[in-house]
Amino acid sequence: MSGVTGWTLHDVRRTFSSKCAEWQVASPDIIERLLGHTTALSPIARIYNRWHYLPEMRAALERYEEKLAHLLKSTR
């Protein structure tokens, strides 16, 4: 156990979003999609852009996982 207390699920989401940006694993719009925010595109863009961005989201999560694995490996 880490011993960290007083955190909320929102803290985990905020940290994930911040680290994705810091580590440059994805663009802001992909990070928004990973968080489940559907307002990344304007209403007009949502009408015309029907792409689901799943490959981009998968690639971002894989890059995030690589960064975490490297971080964990370096702390052992």
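Residues numbered from 1 in each chain as written. Predicted model: local features only at pLDDT ≥ 70, side-chain atom pairs only at ≥ 80, totals over all residues. Heavy atoms only, no water.

Asks: How should the overall build of the protein chain be read in this particular structure?
Replies: In terms of helices and strands, the protein chain carries 4 helices and 0 strands. If you list the helices and strands of the protein chain from N to C, you get α-α-α-α. Here the protein chain has a C-alpha radius of gyration of 15 Å; the compact-globule value for 76 residues is 11 Å, and the former is much larger. The principal-axis extents of the C-alpha atoms in the protein chain amount to approximately 50 × 25 × 15 Å. (Helix = DSSP H or I, 4+ residues; strand = E, 2+ residues; numbered from the N terminus. Rg over C-alpha atoms; globule rule 2.2 N^0.38 Å.)

Asks: It is not clear to me how the packing of aromatic side chains should be interpreted in this structure. Could you clarify?
Replies: Think of a pair of aromatic rings as described by two things: how far the centres are apart, and how the planes are tilted against each other in angle. Counting across every chain of the model gives 2 aromatic pairs. Consider the rings of Phe16 and Tyr64, whose centres lie 4.7 Å apart with planes at 65°: the pair is edge-to-face. Remark: Tyr64 occurs in helix H4 (residues 54-74) and Phe16 occurs in helix H1 (residues 9-22); sequence separation between them is 48 residues. In this structure, Phe16 and Tyr64 share a single accessibility class: buried. In textbook terms, an aromatic cluster arises when at least three aromatic residues are bridged by ring pairs, as seen for Phe16, Trp23 and Tyr64. (Phe/Tyr/Trp six-rings, centres within 6.5 Å; stacked < 30°, edge-to-face > 60°. Buried < 20%, exposed > 50% of the residue type's maximum accessible area, 1.4 Å probe, protein only.)

Asks: Explain H1 to me, please; I cannot follow it from the model alone.
Replies: Residue pairs three or four apart in sequence face the same way in an α-helix, which turns once every 3.6 residues. Between its first and last C-alpha, H1 extends 20 Å over 14 residues, near the 20 Å set by a 1.5 Å rise per residue. Where H1 terminates, the next one or two residues include Gln24, which has phi positive at roughly 55°. (Expected span 1.5 Å × (residues − 1).)

Asks: How should the nonpolar core be read in this particular structure?
Replies: For soluble globular proteins, the rule of thumb is that nonpolar side chains tend to be buried together. Core analysis: the biggest nonpolar cluster contains 13 residues, and Phe16, Cys20, Ala26, Ile30 and Leu34 have the highest contact counts within it. Setting aside residues up to four positions removed in sequence, Leu34 forms contacts with Phe16, Met57, Ala60 and Leu61. (Core = buried A, V, L, I, M, F, W, Y, C linked by side-chain atoms within 4.5 Å. Contact = heavy atoms within 4.5 Å.)

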